2 protein chains.
Amino acid sequence: MKTVGLITEYNPFHNGHKYHIEQAKKLTKADYVVVVMSGNFTQRGIPSIIDKYTRTEIALQCGADLVFELPSYFATSSAENFAYGSINILEQLGFIDTICFGGEYDDLNVFQTVARILNEEPKEYKELLTKALKNGDSFPTARQKALYSLLSDEEILPLLSSPNSILGIEYLKALKRLNSPIKPYILKRKGAGYSDSTLSDTSFSSATAIRAHLEEKKDFCRLSSVMPNEAFSILKQKIGQGFPILPNDFSILLYYKLRTSSKEEILQFLDVSEELADRIYKQLDKFESFEQFAIQLKTKQYTLTRINRCLLHILLNIKKPIPESSYVRLLGFRKGASFLLKQANKEKLPIITKTADAKYQLSPDSYHSFCQDIACNDLYNHIVYDKYKVKLQNEYKHPLVILP
Amino acid sequence: MKTVGLITEYNPFHNGHKYHIEQAKKLTKADYVVVVMSGNFTQRGIPSIIDKYTRTEIALQCGADLVFELPSYFATSSAENFAYGSINILEQLGFIDTICFGGEYDDLNVFQTVARILNEEPKEYKELLTKALKNGDSFPTARQKALYSLLSDEEILPLLSSPNSILGIEYLKALKRLNSPIKPYILKRKGAGYSDSTLSDTSFSSATAIRAHLEEKKDFCRLSSVMPNEAFSILKQKIGQGFPILPNDFSILLYYKLRTSSKEEILQFLDVSEELADRIYKQLDKFESFEQFAIQLKTKQYTLTRINRCLLHILLNIKKPIPESSYVRLLGFRKGASFLLKQANKEKLPIITKTADAKYQLSPDSYHSFCQDIACNDLYNHIVYDKYKVKLQNEYKHPLVILP
């Protein structure tokens with residue numbers, strides 16, 4: 001009996017995700033699919049378009065067997081932290097054999113070489129990186145240039161410029177760092193690119209394109225061609241009933257938080273540099289919305305995603321430094337896979353299945369981190385209520401999603 | 001040449017306020033009316049129904065000559081602080097001869113007697129007060145009982161149960177405390193009571209009733225009978241253009257602030273007791289709106305106004321302890337009265353006429369307090385923008401309101 005671990009956001013779930021689940025099982029010969037998924041806030045620094053329980057239900061309907069929530073700290077963090085937090089959970093569960101991630105490029109050897117360089121940071125690489133940073137490049141661009149100079153391999157270019165592949169490298173780095181026996185597989189991505197912003201003519205569209213389509217209030221039914229039926233029919237029911245939630249639904253909270261925090265307070269939040277805190281301060285009178293302000297703050301040094309993440313950390317009160325992730329929350333499962341939970345190494349990794357029990361299961365530090373997740377959830381639910389007058393159940397009352 | 005000082009909120013301006021201006025001039029034989037007015041947040045713990053510059057324009061159109069803004073700390077504070085902050089400004093201006101306040105009862109001697117007891121707190125009074133508080137009465141009720149036992153004068157009962165008269169007593173206490181030569185006058189209130197919640201059939205309605213009428217989206221034109229023409233026509237133009245602003249427009253910000261603050265942080269805010277912080281924590285999952293939550297928190301010990309003020313302090317980041325008020329902001333004036341500004345004792349009390357100059361005019365502590373006023377204003381403007389998509393000018397750009 002084999003299990004494959006997938007690291008996901010499903011924001012929202014589309015045909016590419018279903019393909020990923022199916023092919024991952026084939027490729028790794030797995031019997032069960034275990035998913036680690038972001039909660040209500042994601043690694044792009046934006047809220048999820050629909051709440052995590054609905055996304056869990058869709059994932060289970062579409063082939064996942066167990067769905068765990070990645071704690072908000074890691075879910076909203078840089079690629080490196082996001083990958084480390086996720087891999088660490090899969091590793092500590094103790095029963096995961098393989099992981100399978102998507103990439104524009106599927107030569108594992110090249111991925112491994114790059115991951116090794118980034119983990120070990122040889123002197124030559126460091127010098128090239130420093131030089132590029134000094135030239136004013138952003139960190140991702142500088143890293144790309146340094147690796148390219150070092151490896152002089154044209155084939156690695158797409159690897160280093162695609163967010164999915166960058167995550168893939170981070171997964172490999174994390175596996176190595178944790179000395180994990182989990183075996184990695186790459187699945188070549190099909191259809192539209194990760195960040196394509198318009199719906200594709202094929203049945204494969206990016207989540208970005210789907211969100212843009214929803215944001216522009218275009219014909220919802222058009223999405224039936226790019227999503228599995230199960231996902232489409234669940235989302236269709238929820239249109240105007242708590243879905244969609246968009247970054248700008250949080251605009252007023254973000255403005256309020258920025259306007260009532262001192263620069264010293266802003267600097268405490270994860271990823272926020274002194275320079276960015278300065279820019280936020282100087283530009284605040286130009287604030288109109290979450291998305292507009294992120295673009296307003298953008299410079300060559302700061303990618304839009306990095307800025308979104310900083311703004312999200314400020315909004316959600318996520319502060320430095322990195323906590324030790326030592327819990328995971330179960331969101332849902334298929335009954336036939338529930339036996340896997342008994343195999344989990346709960347000494348190493350407490351699995352929260354009931355919110356009220358977390359207090360007794362966790363160390364004070366982990367519990368503090370867990371309370372932050374609850375707060376993130378309450379804020380998300382409150383915005384849903386404000387926008388749609390729909391009351392989602394809070395974390396103390398919401399049942400696990402259980403499918404037959 | 002004589003000036004009378006009025007302490008006001010004009011939330012919104014009605015016939016009773018015009019009557020107050022006219023009668024105050026008659027009663028005190030004043031040539032000029034100087035108004036100290038709350039900014040965008042008021043002593044009842046709620047936002048003002050229309051922004052302070054519009055209220056300034058109306059006040060000037062309706063007979064005021066100079067309008068000053070009471071700093072937000074005092075404007076949103078208990079009757080005692082509110083009165084002290086206002087009287088202190090009038091006293092420090094140096095050219096105010098009289099004040100005139102409204103009351104349900106107009107025997108100045110009785111007011112003075114009560115003010116003296118409250119200032120001096122004789123032993124007998126203190127014992128009676130402690131006894132009533134121990135019985136579980138709220139502070140206003142306990143004070144009322146103690147004074148009544150002490151004075152056994154039936155006539156003082158209305159004095160002690162009406163918010164206007166309680167403010168009157170606080171003005172007298174503040175005059176005494178500051179050893180001020182300003183002479184107080186009482187004007188007997190006409191028409192509806194301070195807190196009457198429905199419009200009266202006469203031309204005198206309370207501001208409370210007018211706000212309730214607006215909140216229920218009833219026929220706006222009905223208000224023409226209870227407001228001076230000038231006020232009515234200005235407000236009519238602004239309906240749906242930044243007006244009305246209601247407490248529940250701040251609901252989402254309040255929830256966010258409460259949900260992302262620790263109990264220790266909540267306790268730092270002005271007027272918040274440990275008991276109230278506890279109640280806020282325990283009841284937070286029942287939060288639906290600003291007004292509903294204030295009612296939710298109400299107990300025999302805490303009046304609704306007290307709770308509103310606490311919530312407003314949390315929302316606006318107004319912390320303990322009381323700052324020394326050592327500035328005042330000019331909002332507008334009639335040209336014919338501008339010479340009064342030259343007579344002001346600016347050594348004692350810096351008058352801010354241009355926001356950008358405040359930094360150089362004020363001590364670091366006063367400037368910190370002033371920055372809080374600016375933040376309150378920005379938040380108010382942002383809510384106006386969010387609700388009506390109307391951009392009010394910020395404090396650095398908004399000109400003074402000047403009438404011929």
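By the naming in an unreviewed UniProt entry, chain A is tRNA(Met) cytidine acetate ligase, taken from Velocimicrobium porci. Reading the Sequence similarities (unreviewed entry) entry of the UniProt record for chain A gives the comment "Belongs to the TmcAL family." Under the UniProt heading Catalytic activity (unreviewed entry), the entry covering chain A gives this text: "cytidine(34) in elongator tRNA(Met) + acetate + ATP = N(4)-acetylcytidine(34) in elongator tRNA(Met) + AMP + diphosphate".

## Quick word on the packing of helix 12 (residues 251–259) of chain A against helix 16 (residues 304–316) of chain A
Helix-helix packing is described using two parameters, namely the angle between the two axes and the distance between the axes. Residues and elements named next belong to chain A. For the pair helix 12 and helix 16, interaxial distance at closest approach is 9 Å and the crossing angle is 75°. On the basis of the axis angle, helix 12 is roughly perpendicular to helix 16. Mapping the contact onto sequence places L253, L254, K257 and L258 in helix 12 and L311, I314 and L315 in helix 16. By residue class, the composition of the contact of helix 12 with helix 16 is six nonpolar, no polar and one charged.

## A closer look at the interface of chain A and chain B
Counting residues at the interface gives 23 residues for chain A, matched by 24 residues for chain B. For the chain A and chain B pair, buried surface summed over both sides reaches about 2,200 Å², with 58% attributable to carbon and sulfur atoms. Three residues, I252(A), Y256(A) and H382(A), lead the burial of chain A against chain B; their summed loss comes to 31% of the area buried on that side. On inspection of chain A and its partner chain B, the count reaches four salt bridges. Here E288(B) makes a salt bridge to K391(A), at a shortest N to O gap of 3.2 Å. Linking chain A with chain B are eight residue pairs in polar contact (both at pLDDT 80 or more). Those elements that place two or more of their residues in the side of chain A that touches chain B are helix 12, helix 16 and helix 19 (364–388) of chain A.

## Overview of unusual backbone geometry
Each neighbour pair has its own omega, and for N11(A) with P12(A) the value is 0°, a cis peptide bond. On the secondary structure map, P12(A) appears in the loop between strand 1 (3–8) and helix 1 (15–28). Residue P244(B) is reached from F243(B) by a cis peptide bond, and omega for that bond is 0°. Mapped onto the secondary structure, P244(B) falls in the loop between helix 11 (229–238) and helix 12 (251–259). The backbone of N317(A) sits at a positive phi, close to 65°, despite the residue not being glycine. Structurally, N317(A) can be placed in the loop between helix 16 and strand 6 (328–334).

Rules and cut-offs
- Residues numbered from 1 in each chain as written.
- Chains lettered and ligands numbered in written order.
- Predicted model: local features only at pLDDT ≥ 70, side-chain atom pairs only at ≥ 80, totals over all residues.
- Heavy atoms only, no water.
- UniProt positions renumbered as here; feature names shortened; annotations may be inferred.
- Axes fitted to C-alpha atoms, helices over the stretch in contact; angles between N-to-C directions.
- Helix = DSSP H or I, 4+ residues; strand = E, 2+ residues; numbered from the N terminus.
- Parallel < 35°, antiparallel > 145°, perpendicular 65-115°, else oblique.
- Contact = heavy atoms within 4.5 Å.
- Nonpolar A, V, L, I, M, F, W, Y, C, P; charged D, E, K, R; others polar.
- Buried area = accessible area lost by both parts, 1.4 Å probe.
- Salt bridge = Lys/Arg side-chain N within 4 Å of Asp/Glu carboxyl O.
- Polar contact = N/O pair within 3.5 Å; in protein donor to acceptor, adjacent residues only side chain to side chain.

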